[in-house]
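What the coordinates show
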Amino acid sequence: DGGITQSPKYLFRKEGQNVTLSCEQNLNHDAMYWYRQDPGQGLRLIYYSQIVNDFQKGDIAEGYSVSREKKESFPLTVTSAQKNPTAFYLCASSNRVSPLHFGNGTRLTVT
Amino acid sequence: GQQLNQSPQSMFIQEGEDVSMNCTSSSIFNTWLWYKQDPGEGPVLLIALYKAGELTSNGRLTAQFGITRKDSFLNISASIPSDVGIYFCAGLLDNNDMRFGAGTRLTVKP
């Protein structure tokens, strides 16, 4: 079955540590996205990539970094520079004929 | 960026009742999407709308793309307990930016 896999589902880190969230898709979608979800707010775009080896900052890119070395993979690194990293992170993908499909999310808790 | 105005924020209804929620914006969209999200899970696409005025159904769900292209609504008829969750809208702008509503939290009492 085609889909988007995010791992791990839950992640705990100490403040000051970088952490990388995994996102893999086998839908053959060109575009991939990372969103942050906080209670009572709409999804906010962190980074997106329309094609391999290219990515763009979204609305809240500060403190995050990404790479897109393979079409299937779009990992997100939450760096120690991100002031409020505890959140639910959603990865998504799409192409010209398919609307946004989401993974099941990673809940990151930083203490 | 400006998010969508989604209302209501939450609804508490009795099983069997109909539900209506909507999203509005001052911007013009070329696509409207409606998603449902269960706690701790990713959103699942319910309905996609691509043309102004389009009315689309998916089982007990019906959604419409507003004629002004600035709004959309979602109706759920004859609600059942498994309809519980957060519903949110998403709109795609001409520049391919996607904007999201904050969600409507639906509780269905048996």
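Right above here is the structure, for reference.
**Thoughts on the side chain of A:Thr106**
Residues and elements named next belong to chain A. Mapping Thr106 onto the fold places it in strand 11 (residues 106-110). One polar contact links the side chain of Thr106 to the main-chain carbonyl oxygen of Pro8, over a distance of 2.6 Å. Contact partners of Thr106, with chain neighbours within four places excluded, come to Gln6, Ser7, Pro8, Lys9, Leu11, Leu21, Ala87, Phe88 and Tyr89.

**Section: the sheet that holds strand 3 (residues 19-24) of chain B**
Residue and element names in this part refer to chain B. Spatial strand order, 1-3-8-7-6: 5 strands in an open sheet with antiparallel pairing. This sheet does not close on itself; its edge strands, each paired only once, are strand 1 (5-7) and strand 6 (55-58). On average, each strand axis in the sheet is inclined to that of its neighbour by 15 degrees, with strand direction left out of account. As paired strands, strand 6 and strand 7 (residues 61-65) are joined by 4 bridges and run antiparallel to one another.

**Here's the deal with the nonpolar core**
With 22 residues, the main nonpolar core has B:Trp32, B:Trp34, B:Leu74 and B:Leu106 as its most contacted residues. At the level of secondary structure, the elements contributing two or more residues to this core comprise strand 2 (10-14), strand 3, strand 4 (29-37), strand 5 (44-49), strand 7, strand 8 (71-76), strand 9 (85-93) and strand 11 (104-109) of chain B. Apart from residues no more than four positions distant in its own chain, B:Leu106 is found in contact with B:Met11, B:Ile13, B:Val19, B:Ile76, B:Asp83, B:Val84, B:Gly85 and B:Tyr87. A:Trp34, A:Ile46, A:Tyr47 and A:Tyr64 belong to the second largest nonpolar core, which has 20 residues in total.

**Notes on the state of the cysteines**
All told, the structure shown has 2 disulfides over all chains when counted by the stated rule. One disulfide in the model links A:Cys23 with A:Cys91; its S-S distance is 1.9 Å. Given an S-S torsion of about -75 degrees, the disulfide between A:Cys23 and A:Cys91 has left-handed geometry. With a gap of 68 residues between them, A:Cys23 in strand 3 (residues 19-25) and A:Cys91 in strand 9 (residues 87-95) connect regions that are remote in the sequence. Here the two residues A:Cys23 and A:Cys91 agree in accessibility, since each one is buried. With a sulfur-sulfur separation of 1.8 Å, B:Cys23 is cross-linked through a disulfide to B:Cys89. As the torsion about the S-S bond is roughly -90 degrees, the B:Cys23-B:Cys89 disulfide counts as left-handed. Of this pair, B:Cys23 sits in strand 3 while B:Cys89 sits in strand 9, and the two are 66 residues apart along the sequence. For B:Cys89, a relative accessible area of 0% puts it in the buried group.

**Side note on the sheet that holds strand 7 (residues 64-66) of chain A**
Residues and elements named next belong to chain A. A sheet is described by the order of its strands in space; here 4 strands give the open sequence 1-3-8-7, paired in antiparallel fashion. Strands at the two margins of the open sheet, each flanked by one partner only, are strand 1 (4-7) and strand 7. For this sheet, the mean angle separating the axes of adjacent strands, direction not counted, is 20 degrees. In terms of strand pairing, strand 7 meets strand 8 (residues 76-78) through 3 bridges, oriented antiparallel. Each bridged residue has a counterpart across the sheet, and for Ser65 the counterpart in strand 8 is Thr77.

Definitions and limits used
- Residue positions are counted from 1 within each chain, in the order its sequence is given.
- Chains and ligands are labelled sequentially in the order written, the chains with letters from A and the ligands with numbers from 1.
- Where local features are concerned, this predicted model is filtered to residues with pLDDT of at least 70; where side-chain atom pairs are given and counted, the filter is 80 or more; whole-chain, interface and lining totals use all residues.
- To obtain the side-chain values, all non-hydrogen atoms of the structure were included, while hydrogens and water were left out.
- Every helix listed is a DSSP run of H or I at least four residues long, and every strand listed is a run of E at least two residues long, numbered separately from the N terminus.
- Identification of polar contacts relies on pairs of N or O atoms within 3.5 Å, with a donor-acceptor requirement for protein atoms, meaning one able to donate a hydrogen and the other able to accept it, and with residues adjacent in sequence counted only if both atoms are side-chain atoms.
- Whether two residues are in contact is decided by their heavy atoms: any pair within 4.5 Å suffices.
- Paired strands, as defined in this entry, are two strands with at least two bridges between them according to DSSP.
- All axes are obtained by fitting lines to C-alpha atoms, using only the stretch in contact for helices, and the reported angles, taken between N-to-C directions, cover 0 to 180 degrees.
- We define the nonpolar core as a collection of buried residues of types Ala, Val, Leu, Ile, Met, Phe, Trp, Tyr and Cys that are connected through side-chain atoms lying within 4.5 Å of one another.
- With a 1.4 Å probe rolled over the protein chains alone, any residue whose accessible area is under 20% of its type maximum counts as buried; one over 50% counts as exposed, and the rest are partly exposed.
- Disulfide: a pair of cysteine sulfur atoms within 2.5 Å of each other.

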